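# Breakdown of the fold
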Amino acid sequence: MIGALIVGATRLVVGGQGVWVGCSPSDRQRIYFANHSSHLDTILVWAAMPPELRRRVRPVAAADYWGKGRLQRRISLGVLNAVLIDRQTRSSDPLGPLKTALAAGDSLILFPEGTRGTGELPSRFKPGLYHLAKAFPEVELVPVFLDNLRRALPKGSLLPVPLSCVARFGAPLHLDEGEAKPAFLDRAREAVVALA
Amino acid sequence: MTFGTMHYLIGGVVALLAVASLAGWAISRRVTSDAARQTVRNLNARIKAWWVMVAIFAVAFVFGKAVTILLFVAVSFYCLREFYSLTPTHPSDHAAMAAAFYIFLPLQYWLVWIDWVTMLTIAIPVYAFLALPVLSMLKGVTADYLQRVAKIQWGLMLAVFCISHAPALLMLDLGGTPPVQLLFFLVTVVQLSDVLQYVAGKLFGRHKMAPNVSPSKTWEGLIGGGLAATGVGAALWWITPFSPFEAAGMAFAIVVAGALGGLVLSAVKRSLGAKDWGVMIEGHGGALDRMDSVTFAAPLFFHLVNYFFAR
């Protein structure tokens, strides 16, 4: 109910059409990784998927934002079924909750830049995606480009401008045998850039 | 509610659409080639979308000025959104675009609602024209500054200022004629002109008019469809304060402005690298694909009527 409301409101304000360029919606286990430019990104990728997929696709969200207030927790945990990660701690394995979710068979939505960028193209990817790809080689890695959102709700602004934003889904990729971390992260970033 | 002229007019449009739907269904059973089937499918999608649009318009006409204005607020909103979505602006234009959506769009229609004609004609061309570049300048990004500001102003002028002149007809005092009938006259002539040009072009089109701008437009389509729409306008003289001859002249002005508006917006669209403005209406593209002629025809028609016929 609240989920439908959020999807409806997102659609009304920023469009949120899903365009499947390189693959089609499927319940195969996947990690969707996208460029990150606004607070609406998480909801937009999620809203762009068919309803039956949304149940098994869990956005990865920062605990310091989405786990803070009651409303944020209500949306992130209650509606989006998000996996919250701690961006600050150095002690425990920050990817722990993601590995648990993947081991349970869930798909993930991930923003490998780690934080919202300001440029037109995504900045460098953090290594998390590489570690997950290595630990779960059978999971498909699907690049996603979110278009227009950085104009609709740029970093530092609170009021979304109602532009039509699009989530473009590319062709799945995998970590190659023996592929080095920087090479893989560059390749993954290029796959997102190619959808721009 | 008495059964007035508007009800008969809407009834007439519904009858016309029913004939078109039947014809489309009959043709769809007879075509054989793939290309023809494609054309007919597009035609039938357009007719289906027309039903929805006519239903929305009928509701607005029947429920009066407030609902009609709200309808055009929605039309302007979707057109502005399509324009800005296709236009590459910079994130630092966020404030200017937010002002266009959240301040100038509502302001313009509020002026229509309170009948303030003078302010309606200067709010966007003067105040928004000066305010929007200020908002974009404050962020201090000068790359492509003039292009960005110009595009934001163009979008607001076309999608809000120009289109608002259609419901602005409701402000005019035309003696005995209810002004809503002039709005009906405008919308009917513009849209029939589009349809008839499309049909005449498909039937007789030989000589391309502007192959680079709009490859499907032909001289035969423009002249055949335009003359037919002018004839329909003349035949509608009895719902207007015009004589039959004046009605033909007004319809002709609407047709010419509409055709030019369609071509100009097509050129804008192509310079932005797109075929359609959006995907909102099946068979029609976006809202702006349907309203492109109105953006040019509405202000011209409003001022012609205001100058020659309003009291």
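Here is a short report on the structure shown in this document. These figures come from a predicted structure and were not determined experimentally.

### Let's talk about the overall build of chain B
The helix and strand inventory of chain B stands at ten helices and zero strands. Traced from its N-terminal end to its C-terminal end, chain B shows the element sequence α-α-α-α-α-α-α-α-α-α. Taken over the C-alpha trace, chain B has a radius of gyration of 20 Å; the compact-globule value for 311 residues is 19 Å, and the two agree within 12%. The C-alpha extent of chain B, read off along each of the three principal axes, is 60 × 50 × 30 Å. Buried residues in chain B amount to 41% of all 311 residues. Long-range contacts, defined as pairs at least 24 residues apart, comprise 69% of the intrachain contacts of chain B with a sequence gap of at least 6.

### Let's talk about the nonpolar core
Residue and element names in this part refer to chain B. Ranked by size, the top nonpolar core spans 131 residues in total, and within it A100, I163 and L186 carry the most contacts. Per-element tally for this core: the top contributor is helix α7 (residues 180-204), with twelve residues. Structurally, this core is a two-domain feature, drawing no fewer than three residues from each of domain 2 (66-164) and domain 3 (165-311). Other than its neighbours up to four places away in sequence, I163 contacts F72, V75, S76, C79, M291, V294, T295 and A298.

### Brief notes about the interface of chain B and chain A
In this complex, chain B contributes ten residues to the contact, which on the side of chain A involves eleven residues. When residues of the side of chain B that touches chain A are traced back to their parent elements, those giving at least two are α3 (65-86) and α4 (94-113) of chain B. Top contributing element to the side of chain B that touches chain A by residue count: α4(B), with four residues. Taken together, the residues that form the side of chain B that touches chain A break down as five nonpolar, four polar and one charged.

### Here we look at helix α9 (residues 181-193) of chain A
Residues and elements named next belong to chain A. Over its 13 residues, α9 extends 18 Å from the first C-alpha to the last, a length consistent with the 18 Å expected when each residue adds 1.5 Å. Taken together, the buried positions of α9 are F184, L185, A188, R189, A191 and V192. Along α9, the residues classed as buried sweep out an arc of 155° about the axis, all on the same side. Across α9 from its buried face, at more than 90 degrees, point the exposed residues P182, A183 and E190. Looking at the buried positions of α9, the neighbouring elements they touch are β2 (30-34), α7 (128-135) and β6 (140-147).

### Considering the environment of B:V199
The residue B:V199 is located in helix α7 in this model. The exposure class assigned to B:V199 is partly exposed, which follows from the 15 C-beta atoms found within 10 Å.

### Considering the pairing of strand β7 (residues 165-169) of chain A
Among the five residues in β7(A), five count as buried, and that is most of the element. Every second residue of β7(A) is oriented toward a common face, with A:C165, A:A167 and A:F169 on one face and A:V166 and A:R168 on the other, all of them buried.

### Quick notes on the sheet that holds β7(A)
Residues and elements named next belong to chain A. Sheet architecture is open: seven strands sit in the order β1-β7-β6-β2-β5-β3-β4, paired in mixed fashion. This sheet does not close on itself; its edge strands, each paired only once, are β1 (15-20) and β4 (83-85). For this sheet the average axis-to-axis angle between neighbouring strands, irrespective of direction, equals 25°. Pairing analysis gives three bridges linking β2 to strand β5 (residues 107-110), with the strands arranged parallel. Counterpart to Y32 in the pairing with β5 is I109. Across the sheet, helix α6 (residues 96-103) lies against β3 (57-62), β4 and β5, angled at about 160° from β4, the strand it touches most.

### A few points about unusual backbone geometry
Residues and elements named next belong to chain A. Here N81, not a glycine, exhibits a phi torsion of approximately 55°, which is positive. Here N81 is to be found in the loop between α5 (70-79) and β4. Residues other than glycine seldom take positive phi values, yet N148 does so here, at roughly 80°. Among the secondary structure elements, N148 is positioned in the loop between β6 and α8 (149-152).

### A few points about the environment of A:F169
If you trace the backbone, A:F169 turns up in strand β7. Ignoring sequence-local partners within four residues, the contact set of A:F169 consists of A:G18, A:V19, A:W20, A:V21, A:G22, A:C23, A:V142 and A:V144.

### Focus on the environment of A:L163
With respect to the helices, strands and loops of the structure, A:L163 is situated in the loop between α8 and β7. C-alpha of A:L163 to C-alpha of A:L12: the two residues are 151 residues apart in sequence and 9.7 Å apart in space. Among residues more than four places away in sequence, those in contact with A:L163 are A:V14, A:N148, A:R151, A:A152, B:R81, B:Y84 and B:S85.

Criteria and cut-off values
- Starting afresh in each chain, residues are numbered from 1 along the sequence in its written order.
- Chains carry letters from A onward and ligands carry numbers from 1 onward, assigned in written order.
- Restriction of local features to residues with pLDDT of at least 70 applies here, the model being predicted, together with a cutoff of 80 or more for giving and counting side-chain atom pairs; totals for whole chains, interfaces and linings are based on all residues.
- In this text, helices come from DSSP runs of H or I with a minimum length of four residues, and strands from runs of E with a minimum of two, each type numbered from the N-terminal end.
- Our radius of gyration looks at C-alpha atoms and nothing else; its globule reference is 2.2 Å times the residue count to the power 0.38.
- Buried residues are those with 20 or more other C-beta atoms within 10 Å of their own C-beta, exposed residues have 12 or fewer, and partly exposed residues lie in between; C-beta atoms are placed from the backbone.
- C-beta atoms are first placed from the backbone for all residues, and any pair lying within 7 Å is then listed as a contact.
- The nonpolar core is taken to be a set of buried Ala, Val, Leu, Ile, Met, Phe, Trp, Tyr and Cys residues joined by way of C-beta atoms within 7 Å.
- Here the bounds of each domain stem from an automatic or database domain assignment.
- Residues are sorted three ways: Asp, Glu, Lys and Arg are charged, Ala, Val, Leu, Ile, Met, Phe, Trp, Tyr, Cys and Pro are nonpolar, and all the rest, Gly among them, are polar.
- Take the number of residues in a helix, subtract one, and multiply by 1.5 Å to get its expected span.
- In this description, the arc belongs to the directions extending from the helix axis to the C-beta atoms.
- The rule for pairing is simple: two strands pair if DSSP sees at least two bridges between them.
- Between N-to-C directions, angles span 0 to 180 degrees; the directions come from axes that are lines fitted to C-alpha atoms, helices contributing only their stretch in contact.

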